Amino acid sequence: MIIAVDGPAASGKGTLASGLARHYRLPYLDTGLLYRAVGLAVAGQTEGPGFEAAAIAAAKALDAAHLTDIEALTAADTGVLASKVAVIAEVRKALFDFQRSFALQPDGAVLDGRDIGTTIAPDADVKLFIQADSKARMERRARQLEARGQEVDRYALYHQIEERDARDMQNPYGGFYKADDAHLLDTTLLDIEAALRAAIAIVDGTM
Ligand code: C5P
């Protein structure tokens, strides 16, 4: 069983996808981490041809060892960097095989990202598209960061999320839209447990 979970930054898709993976005992991949790892590899470089070449090289060399420094990977700045490397077609191509083989494991898998239902696993058994308004998303991300002891400037965070949404929406290669056969789940008014219950009900109802 392949479950594809897509949605914008801080929509709660990661929490939902990992909850689904636990519930159905499936391996889980947060594909945003791959783009974040590539973003970290080119942090500090100015955008231009050198930046692109370095990002492509980093994407080609990426393996699981680059996905362990969760604190650096999940920082808000790294999300912005990730969205910059994610518009490079060759970066997306280089990361495709890793994601595709993860999806094709014998028992199945849960993957979350932006283009899982449209590009990585258009053949997924269940597709969810998670949505939440940008204020709610900002507040959730702020609490996540605060829980880790980080100080949060909510105004700056809100703008980072909006900047990322705008870049992601214009990404010509991502297909960052809801697949026609994806179920829409709006989590603006749901807490984690309620959102997970709703997601499980959708999956159970599809199988
Ligand atoms: O999901 P997350 O917020 O961690 O993703 C970080 C960035 O990586 C996104 O803003 C997006 O630009 C990019 N991304 C992508 N395709 C994916 C997952 C993430 O382009 N499947």
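Just so it is clear, the structure is predicted and the values come from calculations on it, not from any experiment.

1. Side note on the overall build of the chain
- Tallying secondary structure elements over the chain gives ten helices and five strands in all.
- Once the C-alpha set of the chain is aligned to its principal axes, its extents read approximately 50 × 40 × 30 Å.
- Going through the 207 residues of the chain one by one, you find that 40% of them count as buried.
- Taking contacts inside the chain between residues at least 6 apart in sequence as the whole, the part at least 24 apart equals 76%.

2. Let's talk about the sheet that holds strand β5 (residues 183–186)
- Pairing in this open sheet of five strands is parallel, and the strands run β2-β3-β1-β4-β5 from one edge to the other. In the strand order of this sheet, the two ends are held by β2 (28–30) and β5, each with one partner. Strand-to-strand twist in this sheet, taken as the mean axis angle between neighbours without regard to direction, amounts to 20 degrees.
- Bridge count between strand β4 (residues 126–131) and β5: four bridges; the pairing is parallel.

3. A short note on the site of the ligand
- As a structural note, the neighbourhood of the ligand is formed by 15 residues, with G32, Y35, S83, A86 and G113 the closest of them.
- Elements supplying a minimum of two residues to the shell around the ligand: α2 (32–41), α5 (76–85) and α9 (154–170).

4. Side note on the pairing of strand β3 (residues 109–113)
- The element β3 is largely enclosed, with a buried count of five among its five residues.
- Residues of β3 alternate between two faces, with A109, L111 and G113 on one and V110 and D112 on the opposite face, all of them buried.
- Bridging between β2 and β3 involves three bridges; their strand directions are parallel. In the sheet register, L29 faces β3, and the bridge partner there is L111.

5. What about the environment of G113?
- If you trace the backbone, G113 turns up in strand β3.
- Residue G113 is classed as buried on the basis of its 28 C-beta neighbours within 10 Å.
- Taking the C-alpha atoms as reference points, G113 and R167, 54 residues apart in sequence, are found 15 Å from one another.
- Other than its neighbours up to four places away in sequence, G113 contacts D6, T31 and G32.

6. Considerations on unusual backbone geometry
- Positive phi outside glycine occurs at A10, with the angle close to 60 degrees.
- When you line up the elements, A10 lands in the loop between β1 (2–6) and α1 (13–24).
- A positive phi angle, close to 50 degrees, is found at R25, a residue other than glycine.
- Tracing the backbone through its elements, the reader meets R25 in the loop between α1 and β2.
- We classify R25 as exposed; it has 8 C-beta atoms within 10 Å.

7. A closer look at the nonpolar core
- Counting 27 residues, the largest nonpolar core has V5 and L111 as the members making the most contacts within it.
- Mapped onto this core, the elements with two or more residues apiece are β1, α1, β3, α7 (116–120), β4 and α10 (192–206).
- Excluding its chain neighbours within four sequence positions, the residues that come into contact with V5 are K13, L16, A17, V110, D112, I116, L128 and I130.
- One finds L33, Y35, L81 and V91 within the second-largest nonpolar core, a separate group that totals 18 residues.

8. Section: the packing of α5 against α9
- α9 packs onto α5 with a crossing angle of 15 degrees between their chain directions and a minimal axis gap of 9 Å. What the angle tells us is that α5 and α9 run roughly parallel. As for the relative orientation of α5 and α9, their crossing is left-handed in sense. In this structure, α5 contributes A76, G79, V80 and S83 to the contact, and α9 contributes L157, Q160, E163, R164, R167 and D168.
- Residues that form the contact of α5 with α9 fall into these classes: three nonpolar, three polar and four charged.

Cut-off values and rules
- Residues numbered from 1 in each chain as written.
- Predicted model: local features only at pLDDT ≥ 70, side-chain atom pairs only at ≥ 80, totals over all residues.
- Helix = DSSP H or I, 4+ residues; strand = E, 2+ residues; numbered from the N terminus.
- Buried ≥ 20, exposed ≤ 12 C-beta atoms within 10 Å, placed from the backbone.
- Contact = placed C-beta atoms within 7 Å.
- Pairing = 2+ DSSP bridges.
- Axes fitted to C-alpha atoms, helices over the stretch in contact; angles between N-to-C directions.
- Near = placed C-beta within 6 Å.
- Core = buried A, V, L, I, M, F, W, Y, C linked by C-beta atoms within 7 Å.
- Parallel < 35°, antiparallel > 145°, perpendicular 65-115°, else oblique.
- Left-handed = near helix turned anticlockwise from the far one by under 90°.
- Nonpolar A, V, L, I, M, F, W, Y, C, P; charged D, E, K, R; others polar.

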